[in-house]
Amino acid sequence: MAGTGASVKMIRCVVKCGGQQQHVVVAARGDRKSPAIAAPPPATVRMPGRVLCCGMRSRGADLAGVEMAAGPQPQGGVSGLFRGPRYSRVRATATGASSLVDPEDIPLEKVQAKSSGSVLPYVGVACLGAILFGYHLGVVNGALEYLAKDLGIDENAVLQGWVVSTTLAGATAGSFTGGALADKFGRTRTFILDAIPLAVGAFLSATAHDVRTMIIGRLLAGIGIGISSALVPLYISEISPTEIRGALGSVNQLFICIGILAALVAGLPLAGNPAWWRTMFGISIVPSILLALGMAVSPESPRWLFQQGKLSQAETAIKKLYGREKVAEVMYDLKAASQGSSEPDAGWLDLFSKRYWKVVSVGAAMFLFQQLAGINAVVYYSTSVFRSAGIASDVAASALVGAANVFGTMIASSLMDKQGRKSLLITSFSGMAASMLLLSLSFTWKALAPYSGPLAVAGTVLYVLSFALGAGPVPALLLPEIFASRIRAKAVALSLGMHWVSNFFIGLYFLSVVNKFGISTVYLGFASVCALAVVYIAGNVVETKGRSLEEIERALSSAS
């Protein structure tokens with residue numbers, strides 16, 4: 001090689017392939033001016049896992065490894081030959097010590113290693129927050145009549161309203177603060193902090209002997225579920241593998257439904273024991289403590305650690321979540337996403353900047369459509385609707401709605417990574433629009449009068465199933481996916497804040513609107529909102545299935 005000052009030396013490598021040894025000759029450069037550098041001894045190239053001949057890896061194999069007997073090679077030597085597009089990771093072992101190659105050296109066309117870790121235990125711990133979310137929302141419905149008598153407010157509808165709505169006010173405040181706490185202290189530590197208002201709020205509610213203590217307890221519990229409502233989907237999305245992130249993300253909504261059902265079941269002894277309402281509130285202390293203990297041993301989000309510059313801790317978290325062989329791949333994705341950007345976490349005002357407002361408005365709109373589509377109204381009116389159909393038991397009516405919600409969410413979990421988020425949203429809101437139209441017609445169309453009861457029940461169950469298929473679980477999953485890492489926590493918190501604010505005002509004014517316009521007209525309005533949501537989603541929501549959070553962020557950044 002004239003003019004380079006280097007000579008080419010041939011090295012014979014022994015490659016084990018298919019149980020047979022094959023000799024491969026590779027080239028390495030030696031410096032003519034440095035005669036002290038001797039020709040390297042024969043090296044063994046070891047490729048763990050299933051390896052096809054000529055070095056072609058099977059998809060299920062572990063990331064390629066190269067074990068060299070000699071010290072580090074000069075740049076462009078043997079190690080450089082294994083940095084082609086078909087090789088995703090090289091681990092060079094020099095003098096018995098292992099060192100990680102810079103993730104920047106890993107090509108984009110990398111082969112994904114199969115994970116040997118499991119995120120399921122940590123998703124399960126996070127879902128304790130979702131269970132508490134559903135439980136605290138549902139527990140007061142059955143207990144209100146009994147606690148009102150014990151606290152002497154059974155004749156005061158205003159104070160009863162405060163007992164119910166204080167939780168929503170606390171949740172609104174909690175959802176806005178949860179994002180800032182998650183950015184400052186990390187996801188797991190914020191979960192541990194969140195367990196404090198959840199447990200203290202439950203304790204005060206269970207032991208209250210006056211309405212003031214009850215309201216304080218409900219406020220603290222509301223702050224706790226507001227924080228967890230933003231934190232649970234955020235943490236799950238950041239630790240979940242790309243290929244199952246949709247299924248695991250929708251588990252959040254499933255466990256909220258389970259929490260609501262748990263509150264219903266917890267209220268069954270009330271008829272025989274009116275003082276049981278205190279136990280109902282006290283039960284929720286247990287999962288609050290378990291949440292704190294579980295998060296104390298759960299790994300922090302690698303993405304948050306990487307943003308904080310804690311690279312060694314990020315690698316440790318990745319090993320715990322996915323296994324050692326995934327470290328290179330995940331670290332490469334994180335580094336690629338932050339390439340050329342050393343920006344700090346965004347402030348609240350940044351969310352309203354031209355750069356981010358479009359995607360933030362999509363997140364807020366998703367929760368606004370979710371609430372304005374009438375889910376709370378349908379659940380609230382389900383008891384009276386079922387009574388008109390001859391189902392007199394309140395428990396049976398609530399159980400049927402709850403079961404439909406859980407069943408629909410389970411279907412959504414199985415379809416999330418196959419059909420995609422956007423298609424499920426469109427299908428869901430379309431089904432909700434049709435259900436609302438059916439409910440409206442069952443109350444007003446005289447030709448349907450003989451069948452009004454069964455049609456109303458069918459419309460209610462179909463609506464809840466449709467809601468659970470997409471409008472319920474998808475927004476909380478989609479938001480952490482579409483938000484850039486530097487705005488993710490605060491943007492999720494802002495969108496969840498929209499959820500709680502709209503929930504509060506709908507609960508406050510719904511009955512007044514029904515009394516003025518009639519339930520049929522209100523249901524027709526809900527149907528119109530669902531139809532509008534379909535149009536909005538079709539034009540503004542991006543599909544995220546099968547793409548890592550870093551890939552989504554890069555795609556949205558290049559599009560803006």
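Residues numbered from 1 in each chain as written. Predicted model: local features only at pLDDT ≥ 70, side-chain atom pairs only at ≥ 80, totals over all residues. Heavy atoms only, no water.

What to know about the overall build of the protein chain
Right, so step 1: When helices and strands are counted, the protein chain shows 20 helices and 5 strands.
Right, so step 2: Every one of the 560 residues in the protein chain was classed for burial, and the buried ones make up 49%.
Right, so step 3: Accessible area of the protein chain: about 25000 Å², with a carbon and sulfur share of 64%. (Helix = DSSP H or I, 4+ residues; strand = E, 2+ residues; numbered from the N terminus. Buried < 20%, exposed > 50% of the residue type's maximum accessible area, 1.4 Å probe, protein only. Areas by Shrake-Rupley, 256 points an atom, 1.4 Å probe, with all protein chains shown as cover.)

Looking at the packing of helix α2 (residues 120-151) against helix α6 (residues 245-266)
Right, so step 1: Where α2 meets α6, the axes come as close as 7 Å, and the angle between the chain directions of the two elements is 45°. The pairing of α2 with α6 is recorded here as oblique in orientation. The crossing of α2 and α6 is right-handed. On the side of α2, the interface is formed by Leu120, Val123, Cys127, Ala130, Ile131, Phe133, Gly134, Tyr135, Gly138 and Val139, while α6 contributes Leu248, Val251, Asn252, Phe255, Ile256, Gly259, Ile260, Ala262, Ala263 and Ala266.
Right, so step 2: By residue class, the composition of the contact of α2 with α6 is 16 nonpolar, 4 polar and no charged. (Axes fitted to C-alpha atoms, helices over the stretch in contact; angles between N-to-C directions. Parallel < 35°, antiparallel > 145°, perpendicular 65-115°, else oblique. Left-handed = near helix turned anticlockwise from the far one by under 90°. Contact = heavy atoms within 4.5 Å. Nonpolar A, V, L, I, M, F, W, Y, C, P; charged D, E, K, R; others polar.)

Overview of the packing of aromatic side chains
Right, so step 1: Applying the stated criterion across every chain yields a total of 6 aromatic pairs.
Right, so step 2: Relative to Tyr536, the ring of Phe369 lies with its centre 5.5 Å away and its plane at 50°, an arrangement referred to as tilted. Of this pair, Phe369 sits in helix α12 (residues 357-372) while Tyr536 sits in helix α19 (residues 519-540); the two residues are 167 residues apart in sequence, bridging distant segments of the chain.
Right, so step 3: In this structure Tyr536 comes out as partly exposed when scored by relative accessible area, which is 21%. (Phe/Tyr/Trp six-rings, centres within 6.5 Å; stacked < 30°, edge-to-face > 60°.)

Brief notes about the pattern of salt bridges
Right, so step 1: A complete count under the given rule lists 7 salt bridges for this structure.
Right, so step 2: Linking Arg245 and Glu481 is a salt bridge whose minimum nitrogen-to-oxygen distance equals 2.6 Å. Pair noted here: Arg245 is in helix α6 and Glu481 is in helix α17 (residues 474-482), with a separation of 236 residues, a long-range link.
Right, so step 3: Put simply, Asp183, Arg187, Glu238, Arg488 and Lys490 are held in one network by salt bridges that share partners. (Salt bridge = Lys/Arg side-chain N within 4 Å of Asp/Glu carboxyl O.)

Let's talk about the confidence of the model for the protein chain
Right, so step 1: When pLDDT is averaged along the protein chain, the result is 76, and 74% of the positions lie at 70 or above.
Right, so step 2: In this model, residues 1-101 is a region of pLDDT below 50 whose contacts with residues beyond four sequence positions or in other chains number 148 contacts.
Right, so step 3: Overall, residues 106-111 carries pLDDT values under 50, and its contacts beyond four positions in sequence, including any with other chains, amount to 19 contacts. (pLDDT = per-residue confidence, 0-100.)

A word on the packing of α12 against α19
In helix packing, the relevant descriptors are the interaxial angle and the interaxial distance, both defined with respect to the helix axes.
Right, so step 1: Interaxial distance between α12 and α19 falls to 9 Å at its minimum, and their mutual angle equals 155°. The angle between α12 and α19 places the two elements in the roughly antiparallel class. Here the hand of the crossing between α12 and α19 comes out left-handed. Of α19, the residues touching α12 (which contributes Ser361, Val362, Ala365, Met366, Phe369 and Leu372) are Phe526, Val529, Leu532, Ala533, Tyr536, Ile537 and Asn540.
Right, so step 2: Of the residues in the contact of α12 with α19, the class split is 11 nonpolar, 2 polar and no charged.

Details of the environment of Leu478
Right, so step 1: By the element assignment, Leu478 lies in helix α17.
Right, so step 2: Using a relative accessible area of 1% as the deciding quantity, one classes Leu478 as buried.
Right, so step 3: C-alpha separation for the pair Leu478 and Gly249, spaced 229 residues apart in sequence, amounts to 8.6 Å.

Notes on the nonpolar core
Side chains of nonpolar character tend, in soluble globular proteins, to be buried together.
Right, so step 1: In this structure, Phe429 and Ile487 are the most contacted members of the largest nonpolar core, which totals 104 residues.
Right, so step 2: Among the elements that line this core, the one with the most residues is α19, at 10 residues.
Right, so step 3: Not counting the four nearest positions on each side in its chain, Phe429 is found in contact with Phe369, Gln370, Ala373, Ala471, Cys530, Ala533, Val534 and Ile537.
Right, so step 4: If you look at the next biggest cluster of nonpolar residues, it comprises 20 residues, including Ala148, Ala208, Met214 and Ala266. (Core = buried A, V, L, I, M, F, W, Y, C linked by side-chain atoms within 4.5 Å.)

Quick word on a nonpolar patch on the surface
Right, so step 1: A cluster of nonpolar side chains, Val501, Phe505, Tyr509, Val513 and Phe517, forms an exposed patch at the surface whose accessible area comes to about 460 Å².
Right, so step 2: One can find Phe505 in helix α18 (residues 488-517).
Right, so step 3: The class for Phe505 is partly exposed, based on a relative accessible area of 42%. (Patch = residues over 30% accessible without salt bridge, like charges linked within 9 Å, V, L, I, M, F, W, Y side chains within 5 Å.)

What about the environment of Leu268?
Right, so step 1: Topologically, Leu268 is positioned in the loop between α6 and α7 (276-283).
Right, so step 2: Taking the C-alpha atoms as reference points, Leu268 and Gly142, separated by 126 residues in sequence, lie 8.7 Å from one another.

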